[in-house]
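Overview (structure and organization)
Chain by chain, the residues run as shown.
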Amino acid sequence: MYTHKSRMLAAFRGEEVDRLPYVPRLDLWYLANSVSGTLPEQHAGRTQNEIARAEGWSVYFRFADDMLDLEQQKDYLHRGIGVFSTRDTLYDFVLPRDVEVKVQREHGRIRVEYHTPVGMVSSTMFYDQSSQRLGITSPMIVDHMIKSPGDYGPVGYLFERMDVVPNFARFERWMKEEMRDDGVAVAQGFMGASPVHQIQRDLLDPTQFYFHYKDHNAKMMELAGKIEPLFHKALKILCNSPAEVIWWGANFDDMLTYPPYFEKEISPWIRKASQELGAAGKMVLCHTDGENEGLMDLIRDSGMHIAESICPAPMTRITLAEFYRRWSGHLTLCGGIPSTIVLPDTSEADFEAYMDQLFKAVAPGRRMVVGIADQVPPNAVFSRLQRIGERVEREGRLPLVAGAFRAAVPASPEPLKAAPKAAETQDAGNIFAQVRLDVTRGKHLDITFHVQELLDRDIPAEAILDQGLIAAISAVGRRMALGEAFIPEVLLAARAMTAAVAVLEPYLAAGGEAHRGKVLIGTVKGDMHDIGKNLVVTMLRGVGFEVLDLGINVSRKKFCDAVAEFKPDVLGLSALLTTTMVEMGEVIRSLDERNLRSRCKVMVGGAPVSEEYAHRIGADGFAAGAAETVALVKQLVAAGAETRAA
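The sections below set out a description of the structure shown in this document. Quick caveat, the model's predicted, so the values are computed rather than measured.

Along any regular strand, the residues point their side chains to alternate faces of the sheet. For strand E4 (residues 119-126), the buried fraction is high: 6 of the 8 residues fall into the buried class. The pairing of strand E3 (residues 109-116) with E4 spans 8 bridges and is classified as antiparallel. By the bridge assignment, glutamate 113 is partnered in E4 with serine 122. Connecting the antiparallel pair E3 and E4 is a turn made up of 2 residues. Sheet topology note: the E4/strand E5 (residues 140-143) ladder contains 3 bridges and is antiparallel. By the bridge assignment for E5, methionine 125 is matched with isoleucine 141.

Here it is as structure tokens:
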């Protein structure tokens, strides 16, 4: 007879078991509801593992620590360099003796300074009571270690002299006392799957990483070389550890960890970790929670044993049936139920329809572990979690039968026509060809001279903007929408365009060229993600809009105050987490309460957001990407102007 642990391990190994394992990750949901006093009545006072056991579910391997407790904060003190000492880690990191660590705490901010013999570097994390209520289980980095090229030296000194030593007792205690046979104790390796990925995830601002990867690649590769010995030593410790499954790498996405980058900087290390740990009888689990359409073959062939938190349509472009068809012959899938499915905004009919499809999409069911991707959100309908468990128990007996099921593919807009490779295909005789080429190649230094050359030839600034810069960035945006260009390419192009516009601005102002409209934008309260928002801001400014960026973690009051003062034509709300997307509706309600809603159009965007959700909360529009956002802003500004004229 299977235990939860033995059933999960067998599924991870690719063996056919009696039924699908069901493993909902409760830590985020549990933290938010326990702090708010809103746990289901029958589970009041229980820990998250006790709730899972009472419901008959497998216990998941993560947990909800009290990050407001100073003792527990110590385990996450070095979060800014990707170093943890939590109970799922099998080693301790030892900092160099000649590095002094200073800690400052103020209003939820934790600043950690590392004073090395070659300079001081610091990171700042944020965590407060509102973070707890949102279910955030780890401090968020709001100021990264590497802020300029000069920081590579001290950070390299820190990593080059850092050591890692085994600590199995902590993990074994957790595995035996808390996990028992109710789940698999997954040990944490590195959250970055490779040294370069570690730099991307933890050491640099997400947007700045791509600029540094291009502009300061030699320094970055030198730092990666200094981090690499820690990875080798940690791998040896993990191979000799009592853990059976190792978490290695997290947060893959075909735009952020775009295919050429993934293949060059990430795949080799996943393959290496999988080979070494596999030879030691262990399995490698990677947290593949993003949009993976462009990474499907690379992930399949990477050697990882388990792809955890797979998130299919409607939250991403790949259906669950497609994930299972392409991956299940090579690795085990864990997840498969998008977190939006268990939110109250999803109708009962849509919830049941998704569950009906699930059992057919993953037939015959081998190499499949059912879970909520990325995890159970705080406002999940608890009865739906229970019904998933009941249906898996009743209908998840293996082997499953697919029958006549065909996975529903989300409706798509009319296909975009293939765009030319932007400036590379322009007629060489076109006077704007060079600045277009500068934009598409991200030449932010060269473009300023080329724009000035055109101005010196008495070419109107408006023509340079429209026929040179906007034409080029629009072509790049179309290529991104088609999957032919990735975030780094677009960011570099946008940076070049920003540099060019700075040269043009005095001439545009002198010519009476007005801004095309005013846009206020920000990431909602509780969300620290900003790379998509930053890209949108840059592109909007590039095409002539006046933009006020409120940044990340923006409260309802701050949005409302800014609408009253800045008087934007459009307010853009961004969110990357299902836990924070609900805040968008609260911002709109706050605008209504303060009689500000009629003053501007409201648009929303972010990975978990959909057009249907936008309509439901009363937004005026939704855009899935940067290029679509620019087009939508133009439409909303025009619509607002028509309304005012009427």
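There is more to say, and it comes next.
What follows is about the sheet that holds E5. Within a beta sheet, neighbouring strands are joined by backbone hydrogen bonds and run either parallel or antiparallel to one another. On the basis of which strands lie adjacent, the open sheet formed by 4 strands has the order E2-E3-E4-E5 and antiparallel pairing. Here the strands that pair on one side only, and so sit at the sheet edges, are strand E2 (100-106) and E5. Neighbour-to-neighbour, the strand axes of the sheet open up by a mean angle of 30°, direction not taken into account. Taken together, the 7 bridges between E2 and E3 define a ladder with antiparallel strand orientation. Considered in E3, the bridge of valine 101 is made with tyrosine 114.

Volume-wise, the second largest pocket comes out at about 470 Å³. Leu134, Arg556, Thr579, Val582 and Glu583 are the residues nearest the centre of the second largest pocket, which is lined by 19 residues in total. Of all the elements in the fold, those that place two or more residues in the lining of the second largest pocket are helix H5 (129-133), helix H22 (578-593) and helix H23 (611-617). When residues in the lining of the second largest pocket are grouped by element, the largest group, 7 residues, is from H22. A class-by-class count of the residues in the lining of the second largest pocket yields 5 nonpolar, 6 polar and 8 charged.

This next bit is on the packing of helix H9 (residues 206-215) against helix H10 (residues 217-239). Packing of H9 against H10 leaves a shortest axis separation of 5 Å and a crossing angle of 100°. Between H9 and H10, the angle is such that the two are roughly perpendicular. Within the contact between the two elements, H9 uses Phe209, His212, Tyr213, Lys214 and Asp215 and H10 uses Asn217, Met220 and Met221. Class assignment of the residues belonging to the contact of H9 with H10 gives a composition of 4 nonpolar, 2 polar and 2 charged.

With that settled, consider the environment of alanine 496. Mapped onto the elements, alanine 496 comes out in helix H19 (residues 487-510). A C-alpha to C-alpha distance of 55 Å links alanine 496 and valine 17, two positions 479 residues apart in sequence. What alanine 496 contacts, discounting residues up to four positions off in sequence, is Asp438, Val439, Gly442, Lys443, His444 and Ile447.

Turning our attention to the nonpolar core. If you look at the biggest cluster of nonpolar residues, it comprises 165 residues, and the most contacted ones within it are Leu203, Trp248, Ile388 and Leu469. Ranked by residue count, the leading element in this core is H19, at 13 residues. Apart from residues no more than four positions distant in its own chain, isoleucine 388 is found in contact with Tyr22, Ile337, Val342, Phe351, Met355, Val370 and Ile372.

Moving on, we come to unusual backbone geometry. Note: most peptide bonds trans; most residues except glycine with negative phi. Geometrically, the link from alanine 313 to proline 314 is a cis peptide bond, its omega value of 15° lying close to zero. Proline 364 follows alanine 363 through a cis peptide bond whose omega is 10°. Note on placement: proline 364 falls in the loop between helix H14 (348-361) and strand E12 (368-373). Unusually for a residue other than glycine, histidine 107 sits at a positive phi of about 50°. Tracing the sequence through the fold places histidine 107 in the loop between E2 and E3.

So, on to the packing of helix H13 (residues 320-327) against H14. Where H13 meets H14, the closest approach of the two axes is 9 Å, and the angle between their N-to-C directions is 15°. On the basis of their axis angle, the class for H13 and H14 is roughly parallel. Of the two elements, H13 crosses H14, and the hand of that crossing is right-handed. Facing H13, whose interface residues are Leu320, Ala321 and Tyr324, H14 presents Tyr354, Leu358 and Ala361. The residue inventory of the contact of H13 with H14, partitioned by class, reads 6 nonpolar, no polar and no charged.

This part is about the side chain of glutamine 200. Position of glutamine 200 among the secondary structure elements: in helix H8 (residues 195-203). Of the residues examined, glutamine 200 reaches a relative accessible area of 10% and is grouped as buried. If we skip the residues at most four places from it in the chain, glutamine 200 touches Phe209, Tyr210, Leu256, Thr257 and Tyr261.

In this section: the sheet that holds strand E10 (residues 306-310). The strand order across the open sheet formed by 6 strands is E7-E8-E9-E10-E11-E12, and the pairing between neighbours is parallel. Both edges of this open sheet fall to strand E7 (186-188) and E12, since each of them pairs with a single strand only. Within this sheet the neighbouring strands show an average axis-to-axis angle of 30°, counted without direction. Where strand E8 (residues 245-250) meets strand E9 (residues 283-287), 4 bridges bridge the pair, whose relative direction is parallel. Within E9, the position partnered with alanine 250 by the bridge is histidine 287. This element, helix H11 (residues 259-279), spans E8 and E9 of the sheet and lies at about 150° to E9.

Within E10, 5 of the 5 residues are buried, which leaves it mostly tucked inside the rest of the structure. As paired strands, E10 and strand E11 (residues 332-338) are joined by 4 bridges and run parallel to one another. By the bridge assignment, isoleucine 310 is partnered in E11 with glycine 335. For the crossover from E10 across H13 to E11, the handedness is right-handed.

It is worth spelling out the packing of aromatic side chains at this point. The full count for this structure, using the stated rule, is 22 aromatic pairs. Consider the rings of tyrosine 258 and tyrosine 261, whose centres lie 5.5 Å apart with planes at 25°: the pair is stacked. On the accessibility criterion, tyrosine 258 (12% relative accessible area) is buried. Look at tyrosine 261 and you get buried, because its relative accessible area is 1%. Put simply, the rings of Tyr91, Phe93, Phe190, Phe231, Trp248 and Trp269 pair up and form one aromatic cluster. In this arrangement the basic side chain of lysine 272 is found over the ring face of tryptophan 269, its NZ or CZ atom lying 5.9 Å from the centre. Note that lysine 518 overlies the ring of phenylalanine 566, its terminal NZ or CZ placed 4.4 Å from the centroid.

Quick notes on the rules
- Residues numbered from 1 in each chain as written.
- Predicted model: local features only at pLDDT ≥ 70, side-chain atom pairs only at ≥ 80, totals over all residues.
- Heavy atoms only, no water.
- Buried < 20%, exposed > 50% of the residue type's maximum accessible area, 1.4 Å probe, protein only.
- Helix = DSSP H or I, 4+ residues; strand = E, 2+ residues; numbered from the N terminus.
- Pairing = 2+ DSSP bridges.
- Axes fitted to C-alpha atoms, helices over the stretch in contact; angles between N-to-C directions.
- 1 Å grid on protein atoms, 1.4 Å probe; cavity = no way out; pocket = protein on both sides within 12 Å on 5 of 7 lines; lining within 4 Å.
- Points joined across faces, edges and corners; volume = space filled by probe spheres on them.
- Nonpolar A, V, L, I, M, F, W, Y, C, P; charged D, E, K, R; others polar.
- Parallel < 35°, antiparallel > 145°, perpendicular 65-115°, else oblique.
- Contact = heavy atoms within 4.5 Å.
- Core = buried A, V, L, I, M, F, W, Y, C linked by side-chain atoms within 4.5 Å.
- Left-handed = near helix turned anticlockwise from the far one by under 90°.
- Right-handed = clockwise from strand over helix to strand, strands pointing away.
- Phe/Tyr/Trp six-rings, centres within 6.5 Å; stacked < 30°, edge-to-face > 60°.
- Lys NZ or Arg CZ within 6 Å of the ring centre and 35° of its normal.

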